[in-house]
Amino acid sequence: MRLGYTILYVDDVSRALGFYERAFGLTRAFLHDSGDYGELATGSTALAFSSRALMERLGKHPVAPDPARPVCEIALVTDDVAAALDRAVAAGASLVQPAKQMPWGQTVGYVSDLDGFLVEICTPMG
């Protein structure tokens with residue numbers, strides 16, 4: 001088995017795709033004609049977005065994330081965490097934690113995206 005994609009539930013899929021393109025330099029793979037689903041190319045695993053409205057129509061009831069009480073995070077890897085944090089904040093992200101050197105040698109910083117999802121920006125492990 002392999003991880004195919006992660007889906008974040010958002011109010012506006014096109015807006016979320018645009019934000020991730022500007023904030024993190026990711027590339028849009030596609031946006032469905034309905035506007036209810038889209039994906040970004042991130043390597044072998046896609047980062048996807050689905051509208052909360054679609055999930056409601058499918059009988060699911062997603063709630064908005066709370067960056068102060070996250071239940072998950074996505075991590076994006078880069079060699080320059082500070083520059084990536086600056087770019088994300090310039091695109092509208094909220095800074096949660098500036099770049100810090102962790103005891104295990106990795107540099108890590110956090111932002112929350114326009115919808116409140118926690119995004120870790122970090123250097124590669126090892």
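Above this text is the structure in question.
Attention here is on the structure that accompanies the text. For clarity, every value in this text was computed on a predicted model and none was experimentally measured.

### Regarding the environment of W104
Inspection of the secondary structure assignment puts W104 in the loop between β6 (94-101) and β7 (107-112). The spatial distance from the C-alpha of W104 to the C-alpha of P67 is 24 Å, given a sequence separation of 37 residues. For W104, the side chain forms a polar contact with the side chain of Q106, separated by 3.0 Å.

### Side note on the pattern of salt bridges
This structure, assessed with the given rule, holds four salt bridges. For R52, the salt bridge is made with D11, and the minimal N-O distance between the two is 3.0 Å. In this pair, R52 is assigned in helix α2 (residues 52-57) and D11 in the loop between β1 (5-10) and α1 (13-24), connecting sequence segments 41 residues apart. R52 gets classed as buried once you look at its relative accessible area, which sits at 11%. Residue classification places D11 among the exposed positions, given a relative accessible area of 61%. D115 is the salt-bridge partner of R15, the closest N and O atoms lying 3.9 Å from each other. Within this pair, whereas R15 is found in helix α1, its partner D115 is found in the loop between β7 and β8 (118-122), the two being separated by 100 residues in sequence. Among the residues examined, D115 registers a relative accessible area of 14% and is labelled buried.

### Notes on the layout of surface pockets
Space inside the largest pocket adds up to approximately 290 Å³. Surrounding the largest pocket, 16 residues form its lining, V63, P65, V71, C72 and F117 being those nearest its centre. Counting residues per element, the lining of the largest pocket draws most heavily on β1, which supplies three residues. Computed from the structure, the second largest pocket encloses a volume of approximately 190 Å³. A per-element tally of the lining of the second largest pocket places helix α3 (residues 81-90) first, with three residues. Of the residues that constitute the lining of the second largest pocket, the class distribution is eight nonpolar, two polar and one charged.

### A look at the packing of aromatic side chains
Throughout the structure, instances matching the rule amount to five aromatic pairs. On the numbers, 5.2 Å between centres and 50 degrees between planes, the contact of Y20 with F24 is tilted. Taken as a pair, Y20 and F24 lie in helix α1 at a separation of four residues, close to a single helical turn. Taking the relative accessible area as the measure of exposure, F24 reaches 15% and is therefore buried. For the pair Y20 and F49, a centre-to-centre distance of 5.2 Å together with 55 degrees between the ring planes defines the contact as tilted. Of the two residues, Y20 is situated in helix α1 and F49 in strand β4 (residues 46-51); the sequence distance between them amounts to 29 residues. The same class applies to Y20 and to F49, which are both buried. Among the aromatic side chains, those forming a connected cluster through ring pairs are F19, Y20, F24 and F49.

Cut-offs and rules
- Along each chain, the written sequence defines residue order, and numbers are assigned to residues from 1.
- Given that the model is predicted, a residue must reach a pLDDT of at least 70 before its local features are reported, and side-chain atom pairs must reach 80 or more before they are shown or counted; all residues, however, enter totals for whole chains, interfaces and linings.
- Computation of side-chain values covers all heavy atoms of the structure but excludes hydrogens and water.
- Secondary structure elements follow DSSP: runs of H or I no shorter than four residues count as helices, runs of E no shorter than two count as strands, and numbering proceeds from the N terminus.
- Each polar contact in these results corresponds to two N or O atoms within 3.5 Å; when the atoms are within protein, one needs to be able to donate a hydrogen and the other to accept it, and residues that are neighboring in sequence are counted only if both atoms are side-chain atoms.
- Salt bridge, as applied in this entry: a Lys or Arg side-chain nitrogen positioned within 4 Å of an Asp or Glu carboxyl oxygen.
- For the exposure calls, accessible area comes from a 1.4 Å probe over protein chains only, and a residue counts as buried if that area is under 20% of its type's maximum, exposed if over 50%, partly exposed in between.
- Whether a set of points on the 1 Å grid over the protein atoms alone is a cavity depends on a 1.4 Å probe fitting there but being unable to get out, while an open set qualifies as a pocket with protein on both sides within 12 Å along at least five of seven lines; lining residues are those with an atom within 4 Å of a point.
- Grid points are joined across faces, edges and corners, and a volume is the space filled by probe spheres set on the points.
- Charged means Asp, Glu, Lys or Arg here, nonpolar means Ala, Val, Leu, Ile, Met, Phe, Trp, Tyr, Cys or Pro, and polar covers whatever is left, Gly included.
- Any two rings among Phe, Tyr and Trp, with Trp reduced to its six-membered ring, count as a pair given centres within 6.5 Å; such a pair is stacked if its planes are under 30 degrees apart, edge-to-face if over 60, and tilted if neither.

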